[in-house]
Structure formats: structure tokens, C-alpha cells
There are 2 protein chains.
Amino acid sequence: MAARTVQLRGAAIEGTLTASRALLGVIARSLAPVMDTVTLPQFRVLVVLSNFGPLRMGEVAQRLGANQSSFSRFADRMVAGGLIARSASPGSRREVIISLTEDGARVYAEVTDARRREISRVLETLSGPDLEAVRTGFEIFARAAGEPSADETLILGI
Amino acid sequence: MAARTVQLRGAAIEGTLTASRALLGVIARSLAPVMDTVTLPQFRVLVVLSNFGPLRMGEVAQRLGANQSSFSRFADRMVAGGLIARSASPGSRREVIISLTEDGARVYAEVTDARRREISRVLETLSGPDLEAVRTGFEIFARAAGEPSADETLILGI
DNA sequence: CGCAACATATGTACTATAGCAAGTATGAAT
DNA sequence: ATTCATACTTGCTATAGTACATATGTTGCG
């Protein structure tokens, strides 16, 4: 490999690390306001239900890597908090479906909206060419990195 | 503002959101292996001590936004886990300094190294011009976003 | 010295998370 | 129909995190 490319790669890695810190700041700021309403593990459930729609208890437990019995009581708390609702499954009477309540959906939306707003606020300061550079760079990186699996992002609860 | 710039901004926001998800995947993957050794709150302490060096108990408690008395027992657990060590302050006998043990430093390094490796692995797949585009875009974004405050990134424990 | 301010630790208590074992109700299979 | 598997809940237990009030030791100051 050419020496120039190696150098470039080093600079790109450092730049990516710096940007990753900046993006973490964005994510953290968007998450902070709801952290007194939900815990991070609870937010994970909101993420799952937002992405996949209503699911069986066991299904969610599995996605979170949690014990079913643990999750049952975990769900109790979220139901008590008004974030999710249990309902009977139309298919089988032994299945219990959980879904977001309006409040739960609102909490999730609050975070994603805040994230979009935060990013927008940052990009607002940029000129046209800089904007274009950011868009291009991020798109290339995202394509190369690929979408993280649901399991992966859930590690952090986001 | 020109219509073209508005459009550009929208595309840049979406690109940034996608990249932020990709980066979250990177971060989550790098964090996962140590999550059976330390909890996320405990990892926050490792981050603080790595960034600032040995600190007084109260200093760390404050940075984490924790009650001093809570933090005392929290520290007990981390000492028991061999991640940090208490030591007498040279300046004052009522102060207690905590610092990373070798194990604690290793856990932190494991995560940051993994992060660097992950990013490097992604960038490896890119051609010279793409690399350059990524570096430029990320640098511009990072400069515009600014370094997140320590408090902010600690929300997520990172 | 004596007392206030400070730094940390302890007593106590509560919530969240989490797992194992056992129980209950339902569905499926022979 | 009886038996086995599935889906969920509950009893019990343990640990982590957190806070408030209080105790202990230390420092600085009048």
C-alpha cells in the first residue's frame, strides 16, 4: 500500500474517533432529558417496540438477552410507569403482547426528535460546501460500517 | 436561504443520523467484551480516572453527579473488584485519592483499543479518495459540534 | 485551645435489575 | 384423553446503585 494512503488512514482514524466523541455528545444530550422518566434498560424496550411494533413478552426478553422471569417483573414496572401495556394475543391465550402506550411512544419520539434537532443545530453553522463534505463523508462511512445489528446497539440501550 | 442549501442540510442530517447509528454500533461492540467485568456506571469511573488521573473521592463523586456517601460504597465495590485503589493524599490526611489499578487501566485500554481497531477495520475497506472524504467530513463535523463536555459523555457512561 | 468547616465513611432504606426454581394456564401431539 | 411442551407469572434471593442522616477523623481559624 502507498505510504500516502497509510498516512491518510491514520488521520481518518483519529478524525473518526474525534467525531465519534462529538456524536456521543449529541446522543447523550438527546437522551438526558428523559433519563428521569425511564432508566436506560427501560429505554431499550422502547427502542425495540418502536422498531418492531408490539411483540410477545418472550420475544422482547430474548432480544434483550434477559431471563423471561426477570423480564416479566421488569415489564411490571414499565406497565406501572405507563410506558407499555400488556394485552392478550389474538392467536394464543397463553401469549402476552406488549406494546408502547402513547406515553411510551412519546418518550421515544422525544429522544429521536432531540437527536435530529441537535444534529440540525450543529449543521446549521456550516456553509454549503462544508455541508456537502459532511454528508459525503458520513455516507461513505455509514455504508462501509454497515447498519449495526439491533443486538449491538442495544448493548448501550440506544 | 437558497433552496439548494436547505435540501443539502436535510440530506446531511439524515446522513449524520445514519452515521451516528453506525458509530454507536462501533462503540457498543467495543464495550461489550468488558461488560461482564464492569458495569456501565463503573466504567464511567474508569473514564474519569483515565482522563484526569488520580483524584479525590469527592472530586470523582462530583464529576459523576453522585452523592458523596453513595460514591464511597460505590468505590468499595470497585476496590473489591480490583479496578481502583484508595490511597492517602500527600497533602491532607482527610483526603482519599483513588486511582486506576493496572487491571482498571487495562479494562479501559481494552475498550479504547477495540474502538480504534473497529474503526480501522471499517476504514480499511475504503479507497484513497473515499478515505479523504471521510476524514474531511468528520473533521468538519467534529469542529462544528465541539468536544462534548465530560458531563455529557458520562451520561452514557462512555 | 476550641470550634467550625471539610472529607470521608457508616447506618439505614429503597428501587432497579436479574436469576433460579416452582407454579399456572394453555396449546400441541400422540 | 393424557402427556409433554410452551408462555408467562410468582416466590425467593442476591447485587448494584442511590440517597439521607449521622458519625468519625482532619484541617484551619479566631
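Just so we're clear, the structure is a prediction, and the values are computed from it rather than from any experiment.

Rules behind the numbers
- Residues numbered from 1 in each chain as written.
- Chains lettered and ligands numbered in written order.
- Predicted model: local features only at pLDDT ≥ 70, side-chain atom pairs only at ≥ 80, totals over all residues.
- Heavy atoms only, no water.
- Near = heavy atom within 4 Å.
- Polar contact = N/O pair within 3.5 Å; in protein donor to acceptor, adjacent residues only side chain to side chain.
- Helix = DSSP H or I, 4+ residues; strand = E, 2+ residues; numbered from the N terminus.
- Nonpolar A, V, L, I, M, F, W, Y, C, P; charged D, E, K, R; others polar.
- Phe/Tyr/Trp six-rings, centres within 6.5 Å; stacked < 30°, edge-to-face > 60°.
- Lys NZ or Arg CZ within 6 Å of the ring centre and 35° of its normal.
- Contact = heavy atoms within 4.5 Å.
- Pairing = 2+ DSSP bridges.
- Axes fitted to C-alpha atoms, helices over the stretch in contact; angles between N-to-C directions.
- Parallel < 35°, antiparallel > 145°, perpendicular 65-115°, else oblique.
- Salt bridge = Lys/Arg side-chain N within 4 Å of Asp/Glu carboxyl O.
- Buried < 20%, exposed > 50% of the residue type's maximum accessible area, 1.4 Å probe, protein only.

Novice: Before we move on, could you go through the protein's contact with DNA strand D and cite the residues and values that matter?
Specialist: The environment of DNA strand D is made up of 24 residues, and the closest members are Arg73 and Arg94 of chain A together with Thr39, Ser69 and Arg93 of chain B. Within the side chain of Arg56 of chain A, a nitrogen or oxygen atom sits 2.8 Å from a phosphate oxygen of DNA strand D. For the surface near DNA strand D, the elements supplying multiple residues, two or more each, are helix H3 (57-64) and helix H4 (68-80) of chain A together with helix H2 (40-52) and helix H4 (68-80) of chain B. The leading source of residues in the surface near DNA strand D is H4 of chain B, at five residues.

Novice: Give a detailed account of the protein's contact with DNA strand C, specifying residues and quantitative values.
Specialist: As a matter of local geometry, DNA strand C sits amid 23 residues, with Thr39, Ser69 and Arg77 of chain A together with Arg73 and Arg94 of chain B nearest to it. Backbone atoms, meaning sugar and phosphate, form 56% of the atoms of DNA strand C found within 4 Å of the protein. Between DNA strand C and the protein, one listed contact pairs a phosphate oxygen with a side-chain N or O atom of Arg77 of chain A at 3.0 Å. Counting only elements with at least two residues in the surface near DNA strand C, the list comes to helix H2 (40-52) and H4 of chain A together with helix H3 (57-64) and H4 of chain B. It is H4 of chain A that provides the largest number of residues to the surface near DNA strand C, a total of five residues. The class makeup of the residues in the surface near DNA strand C is four nonpolar, 10 polar and nine charged.

Novice: Help me get a handle on the packing of aromatic side chains, residues and values and all.
Specialist: Per the stated rule, a full pass over the model turns up seven aromatic pairs over all chains. The rings of Phe138 and Phe141 of chain A together with Phe138 and Phe141 of chain B are connected pair by pair, giving a single aromatic cluster. The ring of Phe52 of chain A is capped by Arg63 of chain A, whose NZ or CZ atom sits 3.9 Å from the centre of that ring.

Novice: Give me the side chain of Arg135 of chain A: which residues, what numbers.
Specialist: Examined against the element boundaries, Arg135 of chain A turns out to sit in helix H6 (residues 128-145). Not counting residues within four places of it along the chain, the set of residues in contact with Arg135 of chain A comprises Leu8, Ala11 and Ala12 of chain B.

Novice: Can you tell me about the sheet that holds strand E1 (residues 55-56) of chain A, naming the residues and giving the values?
Specialist: Residues and elements named next belong to chain A. Overall, antiparallel pairing links the three strands, which are arranged E1-E3-E2 in an open sheet. At either margin of the open sheet sits one strand with a lone partner, and together these are E1 and strand E2 (84-88). Pairing between E1 and strand E3 (residues 96-100): two bridges, direction antiparallel. Residue pairing in the sheet places Arg56 in a bridge with Ile97 of E3. Across the sheet, H4 lies against E2 and E3, angled at about 115° from E2, the strand it touches most.

Novice: Could you give an account of the sheet that holds strand E1 (residues 55-56) of chain B, with specific residues and numbers?
Specialist: Residues and elements named next belong to chain B. If you trace the three strands from one edge of the open sheet to the other, you get E1-E3-E2, paired in antiparallel fashion. Across the chains shown, the open sheet's two edge strands, defined by having one partner strand only, are E1 and strand E2 (84-88). When E2 meets strand E3 (residues 96-100), the two strands line up antiparallel, connected through five bridges. Note on E3: the bridge partner recorded for Ala85 is Ser99.

Novice: Describe the packing of helix H1 (residues 3-31) of chain A against helix H1 (residues 3-31) of chain B, listing the residues and the values that go with them.
Specialist: Two elements in contact, H1 of chain A and H1 of chain B, have axes whose closest approach is 10 Å; the angle formed by their N-to-C orientations is 105°. One finds that H1 of chain A runs roughly perpendicular with respect to H1 of chain B. For the pair formed by H1 of chain A and H1 of chain B, the contact residues are Thr16, Ser20, Leu23, Leu24 and Ile27 of chain A on the first element and Thr16, Ala19, Ser20, Leu23, Leu24 and Ile27 of chain B on the second. When grouped by side-chain class, the residues that make up the contact of H1 of chain A with H1 of chain B number seven nonpolar, four polar and no charged.

Novice: So what's going on with the pattern of salt bridges? Which residues, and what values?
Specialist: With the rule as written, the count across this model stands at 18 salt bridges over all chains. Here Arg106 of chain A and Glu110 of chain A are joined by a salt bridge, their closest N and O atoms 3.2 Å apart. A residue pair is termed a helical-turn pair when its members lie 3 or 4 positions apart in one helix, as Arg106 of chain A and Glu110 of chain A do in helix H5 (residues 102-123) at four residues. In this structure Glu110 of chain A comes out as partly exposed when scored by relative accessible area, which is 35%. In this structure, Glu132 of chain B engages Arg135 of chain B in a salt bridge whose closest nitrogen and oxygen atoms are separated by 2.7 Å. Here Glu132 of chain B pairs with Arg135 of chain B, and both are found in helix H6 (residues 128-145), just three residues apart, close to one helical turn. Arg135 of chain B sits in the buried class, given a relative accessible area of 18%. Salt bridges here are not isolated pairs; linked through shared partners, they connect Arg29, Glu118 and Arg121 of chain A.

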